[in-house]
Amino acid sequence: MHTPQRLLRTALFACLACYLSLTAVAQTPAPAAPAAPTTDERIAALEAYVNNGDPGKSLTGVPGPGHNAWMMTSTALVLFMTLPGLALFYGGLVRRKNVLSVLAQCLGITGLVTILWWAFGYSLVFGSNFNSPYFGGSEYFFLKDVTSAPNTNYAYWVSQNVFSMYQLMFAIITPALIVGAIAERMKFTAIMAFVTVWMFVVYFPLAHMVWGSSGLMNGVWNGDARIPAIDFAGGTVVHMSSGWSALILCLILGPRVGFGKEKMAPHNMVLCMVGTGMLWVGWYGFNAGSAVAADGVAANAFTTTTLATAVAAFTWGAIEKIFRGHASILGFCSGAVAGLVVITPACGFVNSTGAVIIGVFAAVVPYLACTKLKAKFGYDDALDTFGVHAIGGTLGALLTGILVAGSVNGNLTGAPAVKNGLAKLVTDGGLWVAQLKAIGITLVLAVVATTLIAYLVKATIKLRPTEEVERQGLDTNEHGEEGYAS
Amino acid sequence: MKLIIAIIKPFKLEEVKTALAEIGVEGMTVTEVKGFGRQKGHTEIYRGSEYTVDFLPKVKIEIGVADDAVAKAVAAIVKSAKTGKIGDGKVFVVPVEDVVRIRTDERGESAL
C-alpha cells in the first residue's frame with residue numbers, strides 16, 4: 001500500500017542528490033590540495049594534545065575533546081557557584097523578609113552581566129587589537145568570530161566559545177559577591193545600575209590587566225608585562241575587586257535600619273550550609289578549571305584547593321570552640337569559603353605544603369577581620385564580603401608571592417616569564433613585591449571607581465528604598481513575592 | 001472541675017504524657033510555646049554579631065480533670081517533668097465553670 005509513495009520519495013531523493021552533486025562539481029573547482037601533514041607531524045600534534053601544547057601543522061583550529069570536556073564541566077561548575085550556591089549561602093544569612101531579594105539580585109546579575117559580556121565584555125578583556133595593557137580589543141564585540149575553534153592566545157585545545165562562557169561565569173560571580181555587604185537595604189534597580197557601570201570601569205580592565213595576553217600584570221603569559229605578578233584564578237580580579245568595592249559601597253550606603261539595636265541573625269543556617277557545599281564543589285571548576293586544560297596544572301590546583309579549604313574550615317571551627325565554646329555551622333562555612341578565597345590566586349602555583357599553610361592563615365586572618373575589625377569600626381558589612389573576600393583575596397595574593405613553587409607549574413619559568421622577569425623572581429625570591437604592586441593597583445581601582453559610581457547612582461536614582469520598605473522587607477515590596485508562604 | 005496548665009521542657013513531653021495516662025487521664029491539648037522565667041534566654045553568636053535570645057521554646061499542656069483527680073494529676077506532671085535544673089517550668093490550676101462534649105451535649109464532669 002505504501003510502496004508507490006515510497007518509490008516516489010526514493011526517486012525524488014535520488015534526483016535531488018544527483019542535482020546537488022552535479023552543482024557541487026560545477027561550482028567548486030577542486031582546490032589545490034594542501035600538503036598533507038607527515039606522519040611525524042600528526043604524531044607531534046597528538047603529543048601536543050596530551051601535553052596541552054601547540055599542535056603545529058596538524059589539528060590546528062580543532063578543539064581537543066578532553067580539554068574541551070573539562071572546560072564545559074568547569075563552566076557549569078562556576079555557574080553553580082552563583083546559582084544557587086552563593087544565592088543560598090547569602091540567602092540563608094539574611095532575615096526571612098529579604099531572602100528573595102538576595103536570590104533576585106544573583107539572578108539579575110547573571111542575566112545582566114551575560115548581556116554585557118556578549119556585547120562588549122569578552123572582547124574588552126580577551127581581545128587584542130587595542131594592544132593595550134589595560135583593555136583587550138574590539139574584534140570580538142557581540143562574540144563575533146568567537147567559534148568552536150580555539151583562540152591560541154589563551155588555549156590550544158579549548159573552543160573559544162567555551163572559553164568565553166567559562167570566563168563569563170567569573171564576570172558573573174564577582175559583582176554577585178558584592179551583594180553580601182549591601183544585603184537587605186539597596187534597591188534592585190540601583191544594584192543593576194551600579195553593576196553595569198562597575199563592570200566596565202573595574203572588572204573588564206582589571207581582568208585584562210591580570211589575564212589578558214597584553215595585560216599589565218599578566219606575569220605568566222605576557223612577556224611585556226610591566227608588573228610580573230601572578231593570579232591563578234582571581235584573587236585580585238574576583239575577590240579583592242569585589243571585596244574592597246563592597247566595603248566602599250556599604251559605607252556610602254550606610255547601615256541597615258536598626259543595625260546594632262535589633263536582632264539581625266541569619267534566618268536559615270541550613271540554606272547557608274547547603275550553599276557553602278555548592279560553593280566548595282563549584283570552586284573546583286573555578287580553580288582547577290583556570291588551567292584552561294585538563295592537565296597537570298589543573299590536577300595540582302584541584303589538590304591544593306581541597307587541602308586549603310578543609311584546613312581553613314576546620315581551623316575556623318576550632319578557633320570558635322577554643323575561644324567561644326561553640327564550633328558553629330557559620331564558623332565552619334566561613335572557614336571553608338575563606339580557604340577557597342585565599343587559595344584561589346595560589347592554587348596553580350603552590351604545592352600541597354603551601355596549601356596547608358594557606359589554609360591556616362585563611363582561617364585566622366579573616367576570622368579576626370570578621371569579628372575584631374568589624375566590631376572596632378562598626379561598618380555594616382552585612383554578610384562579611386569585606387572580611388572574607390577583600391581580606392582573604394589580599395592575603396591570598398600576598399601569600400602566593402611568598403609560597404610560590406616553581407616546580408608545580410612550568411609556565412612560571414616559561415619564555416614570557418623569563419622575558420618579563422617573573423622566572424627570576426620565582427627562583428630567587430622577591431615575587432611578593434610584584435604581588436604587592438598588583439594588590440595596590442587593584443585596591444586603588446576598586447576603591448576610587450566604586451566611590452564615584454556609588455555617588456553617581458545615588459545622585460540619579462538613589463541607592464536605598466524608603467525606610468518603610470526596608471522595615472517591611474525587600475521581598476514583598478521590590479519583588480512582589482514572599483519566600484515562605486505563611 | 002479544674003483546668004491544669006503545665007509549661008514544661010519540650011523533651012519531657014513524652015514522659016509527662018505517659019505518667020498522666022498511667023493515672024487515667026484520657027486526653028490533653030499540647031501547644032508549642034515560647035517564653036522565659038528565671039532561666040532567662042541564651043546568647044547566639046554569628047561571626048562577630050552577638051544576639052540575646054529571650055524566649056526559649058517550651059511546651060504547654062492543658063488538661064481538664066475532676067476535682068478529686070487534681071492532686072494526683074499535678075503530682076504526676078511535677079514528678080515526670082522534673083530535672084531539678086532551672087527552667088523546668090510551672091503548673092497552674094484554674095477552676096472550670098462548665099464543660100460541654102460537643103458530640104453528645106453532655107455537661108459537667110461526665111463530659112471530661
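Just so we're clear, the structure is a prediction, and the values are computed from it rather than from any experiment. (Residues numbered from 1 in each chain as written. Chains lettered and ligands numbered in written order. Predicted model: local features only at pLDDT ≥ 70, side-chain atom pairs only at ≥ 80, totals over all residues.)

A. Quick peek at the overall build of chain A. A tally of helices and strands in chain A yields 17 helices and zero strands. What you see for chain A is a C-alpha radius of gyration of 25 Å, in line with the 23 Å of a compact globule of 486 residues. In terms of its C-alpha atoms, chain A occupies a principal-axis envelope of roughly 85 × 70 × 45 Å. Residues classed as buried in chain A amount to 54% of the 486 residues present. (Helix = DSSP H or I, 4+ residues; strand = E, 2+ residues; numbered from the N terminus. Rg over C-alpha atoms; globule rule 2.2 N^0.38 Å. Buried ≥ 20, exposed ≤ 12 C-beta atoms within 10 Å, placed from the backbone.)

B. Inspection of the overall build of chain B at higher detail. Per the secondary structure count, chain B includes two helices and six strands. In chain B, the succession of α and β elements from N to C terminus is β-α-β-β-β-β-α-β. Against the 2.2 N^0.38 benchmark of 13 Å for 112 residues, chain B shows a C-alpha radius of gyration of 17 Å, more extended than a compact globule. Dimensions along the principal axes, computed over C-alpha positions, put chain B at roughly 60 × 25 × 20 Å. Expressed as a percentage of its 112 residues, the buried residues of chain B come to 18%. The contacts in chain B between residues at least 6 apart in sequence include a share of 70% that link residues at least 24 apart. (Contact = placed C-beta atoms within 7 Å.)

C. Quick peek at helix H2 (residues 39-51) of chain A. For H2 of chain A, spanning 13 residues, the distance from its first C-alpha to its last is 18 Å, which sits close to the expected 18 Å at 1.5 Å a residue. Where H2 of chain A terminates, the next one or two residues include Asn 52 of chain A, which has phi positive at roughly 55°. (Expected span 1.5 Å × (residues − 1).)

D. Local environment of the interface of chain B and chain A. Across the contact, seven residues belong to chain B and 12 residues belong to chain A. Elements with a contribution of two residues or more to the side of chain B that touches chain A: strand E3 (42-46) and strand E4 (49-53) of chain B. With three residues, E3 of chain B is the largest single contributor of residues to the side of chain B that touches chain A.

E. How the structure looks around the pairing of strand E5 (residues 56-65) of chain B. Residue and element names in this part refer to chain B. Here strand E1 (residues 2-8) pairs with E5 via seven bridges, running antiparallel. If you follow Lys 2 over to E5, its bridge partner there is Val 65. Two elements, strand E2 (residues 29-35) and E5, share seven bridges in a ladder whose sense is antiparallel. Bridged to Val 30 within E5 is Ile 61. (Pairing = 2+ DSSP bridges.)

F. Just the domain arrangement of chain A, in detail. Looking at chain A, the domain boundaries give domain 1 (3-34) and domain 2 (70-478). A C-alpha centroid distance of 55 Å is found between domain 1 of chain A and domain 2 of chain A. (Domains from an automatic or database assignment.)

G. Inspection of the sheet that holds strand E6 (residues 89-95) of chain B at higher detail. Residue and element names in this part refer to chain B. In spatial order, the strands read E2-E5-E1-E6; together these four strands make up an open sheet with antiparallel pairing. The sheet terminates laterally at E2 and E6, the two strands that pair on one side only. Strand-to-strand twist across the sheet, computed as the mean angle between neighbouring axes with direction ignored, equals 20°. With seven bridges joining them, E1 and E6 adopt antiparallel strand pairing. Within E6, the position partnered with Ile 4 by the bridge is Val 93. Against the sheet, helix H1 (residues 13-22) touches E1, E2 and E5, its axis set at about 10° to E5. (Axes fitted to C-alpha atoms, helices over the stretch in contact; angles between N-to-C directions.)

H. Expanded view of the confidence of the model for chain B. Per-residue confidence for chain B gives a mean pLDDT of 93, with 100% of residues at or over 70. In the predicted assembly, ipTM is 0.75 and pTM is 0.86. (pLDDT = per-residue confidence, 0-100.)

I. Structural context of helix H15 (residues 431-460) of chain A. The end-to-end C-alpha distance of H15 of chain A is 44 Å, a good match for the 44 Å that 30 residues give at a rise of 1.5 Å each. Phi turns positive, to about 70°, at Lys 462 of chain A, one or two residues after H15 of chain A.

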